[in-house]
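Okay, here's what each chain looks like letter by letter:
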Amino acid sequence: MQIGILGGTGPVGRALCARLASVGYRCVLGSRLVERATDTCAEVLAKWPDRTLPLVGACNTDAAQCDVVVVATPWDVAASTVNSVSDELSGKVVISMANALTKVGKQFQPLVPPEGSVAATVQAAVPKALVAATLHHVPAHHLGDLNQPVDCDVLVCSDHPEATATTLEIMGKLPGVRSFNAGSLIYAGPVEAFTAVLLQLNTAYQTKTAIRFTGLDAA
């Protein structure tokens, strides 16, 4: 399976590319600027010289041609980014991982996008895609440290059974991750919003906290 990362040059995108490539997925790190994508790819490969990571840099259009596509852009450009490559995303599983947040003073506050969540807004922008929401509560630092397991549970929300199954399969390959089907895309809103609480905890306790659920066995 080949996975494309739209907006893969940011901290979360490059961390996810490295982690997915480390478990054998062929990854295309995408960006609006090819040069930026190739430079970021080279930086990731240089960081892990002892690993053979199947990772290349390309434009977002090329990344969107992969089997599965992840939207790793900031939340406020997620819809416009997928809309720019909508033809390539038709019929494909598209994973949304952004959280709509703002900081007011010293407090993180969740925002409510027009469709109720970033993931639902992405789905509305590319109605022929099979959108799933996940990875909202995983710190980029944990995701990108290939020497350690991720140590986090993730929730998957989607209106499409195929997208749910594919996303659960991908998440299940990441060491330390347990993934759970959290229902339809309507639940993506509260899942995304809870990230504000985690960031507030990180600030208060100077840590990088993540989530574990008790009483559940991973599917």
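(A) Expanded view of the overall build of the protein chain. Helices and strands together make up the secondary structure of the protein chain, namely ten helices and ten strands. In terms of overall dimensions, the protein chain is globule-like: its C-alpha atoms have a radius of gyration of 16 Å, near the 17 Å expected for 219 residues. In terms of principal-axis extent, the alpha carbons of the protein chain reach across some 40 × 40 × 35 Å. Looking at the protein chain as a whole, 48% of its 219 residues qualify as buried.

(B) A look at unusual backbone geometry. A positive phi angle, close to 70°, is found at Leu135, a residue other than glycine. By secondary structure assignment, the location of Leu135 is in the loop between strand E8 (130-133) and helix H7 (140-144). One non-glycine residue, Asp151, lies in positive phi territory at about 55°. Considering the arrangement of structural elements, one finds Asp151 in the loop between H7 and strand E9 (152-158).

(C) Up close: the side chain of Thr121. The topology assignment puts Thr121 in helix H6 (residues 118-125). Polar contacts involving the side chain of Thr121 include one to the main-chain carbonyl oxygen of Ser117, which spans 2.8 Å. For Thr121, the residues in contact, after removing those within four places along its chain, are Ala79, Pro113, Pro114 and Glu115.

(D) The arrangement of the side chain of Asn99 in detail. Structurally, the position occupied by Asn99 is in the loop between strand E5 (93-96) and strand E6 (101-104). Separated by 3.4 Å, the side chain of Asn99 and the backbone oxygen of His136 make a polar contact. At 3.1 Å, the side chain of Asn99 forms a polar contact with the side chain of Thr195. Excluding residues that lie within four positions of it along the chain, Asn99 makes contacts with Trp75, Val118, His136, Glu192 and Thr195.

Parameters at a glance
- Residues numbered from 1 in each chain as written.
- Predicted model: local features only at pLDDT ≥ 70, side-chain atom pairs only at ≥ 80, totals over all residues.
- Heavy atoms only, no water.
- Helix = DSSP H or I, 4+ residues; strand = E, 2+ residues; numbered from the N terminus.
- Rg over C-alpha atoms; globule rule 2.2 N^0.38 Å.
- Buried < 20%, exposed > 50% of the residue type's maximum accessible area, 1.4 Å probe, protein only.
- Polar contact = N/O pair within 3.5 Å; in protein donor to acceptor, adjacent residues only side chain to side chain.
- Contact = heavy atoms within 4.5 Å.

So yeah, pure geometry; function would need other evidence.
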